[in-house]
Amino acid sequence: MNATVSTRETSVKVWSPYVRLFHWSLVLCVAVAWLSSGEIMKVHELAGYCAGVLIASRLIAGLAGSGYTRFRQFGRGPRTVSSYLVDVAHGDERRYLGHNPAGGAMVLALLACLAGIALTGWMQTTDAWWGVGWVEDMHKILGNGILVLVGLHVCGVLLASLRHHENLVRAMVTGRKRAPSPEDVT
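Residues numbered from 1 in each chain as written. Predicted model: local features only at pLDDT ≥ 70, side-chain atom pairs only at ≥ 80, totals over all residues. Heavy atoms only, no water.

### A few points about the packing of helix α3 (residues 41-64) against helix α6 (residues 101-123)
- One can describe the packing of α3 onto α6 by two numbers: an axis separation of 9 Å at closest approach and a directional angle of 135 degrees. The angle between α3 and α6 places the two elements in the oblique class. You can see that α3 and α6 cross each other, and the crossing is left-handed. Between α3 and α6, the contacting residues are Gly 48, Tyr 49, Gly 52, Ile 55 and Arg 58 on the first element and Leu 111, Leu 114, Ala 115, Ala 118 and Trp 122 on the second.
- Broken down by class, the residue content of the contact of α3 with α6 amounts to seven nonpolar, two polar and one charged. (Axes fitted to C-alpha atoms, helices over the stretch in contact; angles between N-to-C directions. Helix = DSSP H or I, 4+ residues; strand = E, 2+ residues; numbered from the N terminus. Parallel < 35°, antiparallel > 145°, perpendicular 65-115°, else oblique. Left-handed = near helix turned anticlockwise from the far one by under 90°. Contact = heavy atoms within 4.5 Å. Nonpolar A, V, L, I, M, F, W, Y, C, P; charged D, E, K, R; others polar.)

### Some points on the nonpolar core
- Of all hydrophobic cores here, the largest spans 19 residues; its most connected members are Leu 26, Leu 111, Cys 113, Leu 114, Ile 117, Ile 146 and Leu 149.
- Mapped onto this core, the elements with two or more residues apiece are α2 (17-36), α3, α4 (71-74), α6 and α7 (133-164).
- The element best represented in this core is α6, accounting for seven residues.
- Excluding residues that lie within four positions of it along the chain, Leu 111 makes contacts with Phe 22, Ile 55, Arg 58 and Phe 71.
- Core analysis: the second largest hydrophobic core is formed by seven residues, Trp 15, Val 19, Leu 97 and Ala 171 among them. (Core = buried A, V, L, I, M, F, W, Y, C linked by side-chain atoms within 4.5 Å. Buried < 20%, exposed > 50% of the residue type's maximum accessible area, 1.4 Å probe, protein only.)

### Observations concerning α2
- Counted at 1.5 Å a residue, the expected span for α2 with its 20 residues is 28 Å, and the 28 Å between its end C-alpha atoms agrees.
- Within the sequence span of α2, burial applies to Val 19, Arg 20, Phe 22, Leu 26, Cys 29, Val 30, Ala 33 and Ser 36.
- Considering only its buried residues, α2 is in contact with α3, α6 and α8 (168-174).
- Phi for Gly 38, located one or two positions after α2, is positive at around 75 degrees. (Expected span 1.5 Å × (residues − 1).)

### Description of the pattern of salt bridges
- Tallied over the full model, the rule gives four salt bridges.
- Among the ionic pairs, Arg 95 bridges to Glu 166, the shortest N-O distance being 2.8 Å. Highlighted residues: Arg 95 in the loop between α5 (78-90) and α6 and Glu 166 in the loop between α7 and α8, separated in sequence by 71 residues.
- Its relative accessible area of 11% is what places Glu 166 among the buried residues.
- With its nearest N and O atoms 3.9 Å apart, the salt bridge here joins Lys 177 to Glu 166. In this pair, Lys 177 sits in strand β2 (residues 176-178) while Glu 166 sits in the loop between α7 and α8, placing the two residues eleven residues apart along the sequence. By the burial criterion, Lys 177 is buried, and Glu 166 matches it.
- One connected set of salt bridges, linked through shared partners, spans Arg 95, Glu 166, Lys 177 and Asp 184. (Salt bridge = Lys/Arg side-chain N within 4 Å of Asp/Glu carboxyl O.)

Put into structure tokens, the structure is as follows:
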């Protein structure tokens, strides 16, 4: 039997092409914006505007999309997220086919932080807000905050990949994850 056929038979499509393109495009925008910050402002601004457009498209997809794209599918309350994190600490968290509760909370936190960065960045290009101290400060605070969130996101992906024996980075490239077992949450 062909290895590709075998993998396809034991995996299921989870992440749509839109979600994957959005994810990696946003990664690129954040990296370019961070690397060009204070150096090449036109590139920095362009990366910020691109990130803003991506975030707007993700908000629309999260509300009107289908399947694992929808916020309703992975947005869970603080009690559920806290309970899941306790399970993680004890090493007995369940595997989720889509985002687990902590991952879903992280998606929302990343989107909110990036929306704030894009908004305060844009505000600094307007006559009304250019040079306003709190806008500049908030842009810098959120810019540093996104680095913390990205670090936590990467650590969470690595931990879940190890715990559940699946490569979540590959899943975000191919769109496919291991088929669920009866104890997994779909």
